[in-house]
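Listed below, chain by chain, are the residues.
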Amino acid sequence: MSRSVLRHVLPPRPGPAGVLRLRSGAMRLSVIGTGYLGATHAAAMAELGHEVVGVDVDQTKIDRLAAGEVPFYEPGLPELLGRHVGTGRLRFTTSVAEAADAELHFVCVGTPQKPGEFAADLQYVDAAFAAVGEIAAPGSVVVGKSTVPVGTAARLDAQLQTRGIPLVWNPEFLREGFAVVDTLRPDRIVMGSEADDARAALERCYEAILATGTPVVYTDFATAELVKVAANSFLATKISFINAMAEVCEVVGADVVKLAEAIGHDERIGSKFLRAGLGFGGGCLPKDIRAFMARAGELGVDQAVAFLKNVDEINLRRRARMVDLARELCDGSLAGRRAGILGAAFKPESDDIRDSPALDVAVAIQRAGAAVWVYDPEAMTNAKNTHPTLAYAASAIEACQDADVVLHLTEWAQFRDLTPDDLAAVVRQKNVIDGRSVLDPAQWRAAGWHFRALGRP
């Protein structure tokens, strides 16, 4: 996303240096954890005019951020980071002591899924809060943004209260590929706290955003924690619902795309997240719904969210079905075949391969005996590091060279724009499977291709 595009998506910036200015002056902020959430939040807060220090234990990551380099792909963030690192308004360090004078400390560390369990691993959150608790100055406020199991904030608040430091829980709702916009122009801000001074400090920090009319929801800790996991659970459920309908459509010969279009006109349902396909992945939805199930079990209300187990199972079945379709197009066996895989990231406009449906399918097809070639515009390095046994191509065309079957698995624009003629000259057999329901079946079939898609005749 270029700076010219950013001008159209970010809030107005009346300041002389092109930076959105706070009405009541800048604040000193720290951001603990500079991964996807933290790096984006730090740069966005600098854009609002604050003085920000980002803290992380990873020296390599800190060095890259300090040089104005983003360690991951996120449109618009390199421009934002470079603009403010260059002015000194935004800096990065491995020393939490350098954040001691911050008025607000944002904790943005990850909460991955525990190995072999559904529960969230809180070791990084606990370590971050312990470190902040040691250096936070009287009068400062800690802001939790990490996605945590309900009850975590109350426990952490009790720890901070021994030092007289208030806590507010302020969950994030970022979409990868749109994180800069979602931070600076959020559709809502949730503030969970019983401390008026903590809320007031966060309101001051977000003053320029609130001035645009962004709604604020004030809650207690538990509600603020549940908002994030409830939202993700709802989205996951909606995606898995339409994918369940795709399973039915395949049996009866119906078209899930038309089905989704029809029910999407019902304003009670809406059309968003009703595109059937390979399902969801990434570092949020899968692990968040699993952690929610685990926490509900601990609280004795596991039956209330038991449906999420089916949501997860439906989502994973879509990956297996893609492999089945590839096998069917290859006369019942993938052994000795060659497959061109278009996509490695879990979604477009990202290089994130965590729980990537595309890579799961690629590995399964390879295990079935096929030679697999993968291409993705941004996720190649990450994919090579975690899946070194797969073969990787330098372009979409190269990935499809001599392919017996082509699988469209990540919805990048350049893949959507490929025509049947683009690939016809390089493939061995004209077999294509659309895992994202965006290609035109009539166009591909008219060009002599065998076309398959999840939930489509």
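Read on for a plain summary of the structure. The model shown is predicted, which means the values in this text are computed figures rather than measured ones.

Turning next to the pairing of strand E9 (residues 338-342). In terms of burial, E9 is a largely internal element, 5 of the 5 residues being buried. Residues Arg338, Gly340 and Leu342 line one face of E9 and the alternating positions Ala339 and Ile341 line the opposite face, and both faces are buried. In terms of strand pairing, E9 meets strand E10 (residues 371-375) through 5 bridges, oriented parallel. Note on E10: the bridge partner recorded for Ile341 is Val374. For the handedness criterion, the β-α-β arrangement of E9, helix H14 (residues 357-367) and E10 is classed as right-handed. Strand direction decides the pairing type here: E9 and strand E12 (residues 405-408), joined by 4 bridges, are parallel. Of the residues in E12, the one forming a bridge with Leu342 is His408.

Below, the discussion takes up the nonpolar core. Within the largest apolar cluster, 52 residues are counted, with the highest numbers of intra-cluster contacts made by Ile365 and Leu407. A total of 6 residues in this core trace back to one element, the largest contributor, which is H14. Residues within four places of Leu407 in sequence aside, it is in contact with Met322, Ala326, Ala339, Gly340, Ile341, Leu342, Val361, Ile365 and Ile433. In terms of nonpolar packing, the next biggest core, distinct from the first, is built from 43 residues, Leu29, Val70, Phe72 and Leu77 among them.

Mapping Arg321 onto the fold places it in helix H13 (residues 307-329). Among the residues examined, Arg321 registers a relative accessible area of 18% and is labelled buried. Between the C-alpha atom of Arg321 and that of Ala42, which follows or precedes it by 279 residues, the distance is 41 Å. For Arg321, the side chain forms a polar contact with the side chain of Glu328, separated by 3.1 Å.

Turning our attention to the environment of Phe129. Among the structural elements, Phe129 can be located in helix H5 (residues 123-135). Under the relative-accessibility criterion, Phe129 is labelled buried at 3%. Along the sequence, Phe129 and Gly144 sit 15 residues apart, while their C-alpha atoms lie 9.1 Å from each other. Ignoring any residue separated from it by four or fewer positions in sequence, one finds Phe129 in contact with Val107, Val142, Gly144, Leu156, Leu160, Leu167 and Trp169.

Following the criterion strictly, the structure yields 6 aromatic pairs and no others. Between the aromatic rings of Trp444 and Trp449, the centroid separation amounts to 5.0 Å while the plane-to-plane angle is 80 degrees, which identifies the pairing as edge-to-face. Cation over ring: Arg175 sits above Phe178, and NZ or CZ is 4.5 Å from the ring centre. Sitting above the plane of the Phe173 ring, Arg188 keeps its charged end 3.6 Å from the centroid.

On E12, burial covers both faces: Val405 and Leu407 on one face and Val406 and His408 on the other are all buried. In this sheet, strand E13 (residues 431-434) lies alongside E12 in parallel orientation, the contact comprising 3 bridges. Of the residues in E13, the one forming a bridge with Val406 is Val432.

On to the pattern of salt bridges. On inspection of all chains with the given rule, the structure shows 35 salt bridges. The shortest N-O distance in the salt bridge between Arg175 and Asp182 comes to 2.8 Å. For Arg175, a relative accessible area of 42% gives the class partly exposed. By sharing partners, the salt bridges in this structure join Glu247, Glu250, Arg317, Arg318, Arg321, Glu328 and Arg452 into a single network.

Quick reminder: α-helices carry 3.6 residues per turn. Residues three or four places apart thus point the same way. Among the residues making up H14, those that are buried are Pro357, Ala358, Leu359, Val361, Ala362, Val363 and Ile365. Next to the buried residues of H14 lie H13, E9, E10, helix H15 (380-386) and E12. Of the residues flanking the end of H14, it is Gly369, one or two places downstream, whose phi is positive at about 110 degrees.

Reading guide: rules and limits
- Residues numbered from 1 in each chain as written.
- Predicted model: local features only at pLDDT ≥ 70, side-chain atom pairs only at ≥ 80, totals over all residues.
- Heavy atoms only, no water.
- Buried < 20%, exposed > 50% of the residue type's maximum accessible area, 1.4 Å probe, protein only.
- Helix = DSSP H or I, 4+ residues; strand = E, 2+ residues; numbered from the N terminus.
- Pairing = 2+ DSSP bridges.
- Right-handed = clockwise from strand over helix to strand, strands pointing away.
- Core = buried A, V, L, I, M, F, W, Y, C linked by side-chain atoms within 4.5 Å.
- Contact = heavy atoms within 4.5 Å.
- Polar contact = N/O pair within 3.5 Å; in protein donor to acceptor, adjacent residues only side chain to side chain.
- Phe/Tyr/Trp six-rings, centres within 6.5 Å; stacked < 30°, edge-to-face > 60°.
- Lys NZ or Arg CZ within 6 Å of the ring centre and 35° of its normal.
- Salt bridge = Lys/Arg side-chain N within 4 Å of Asp/Glu carboxyl O.

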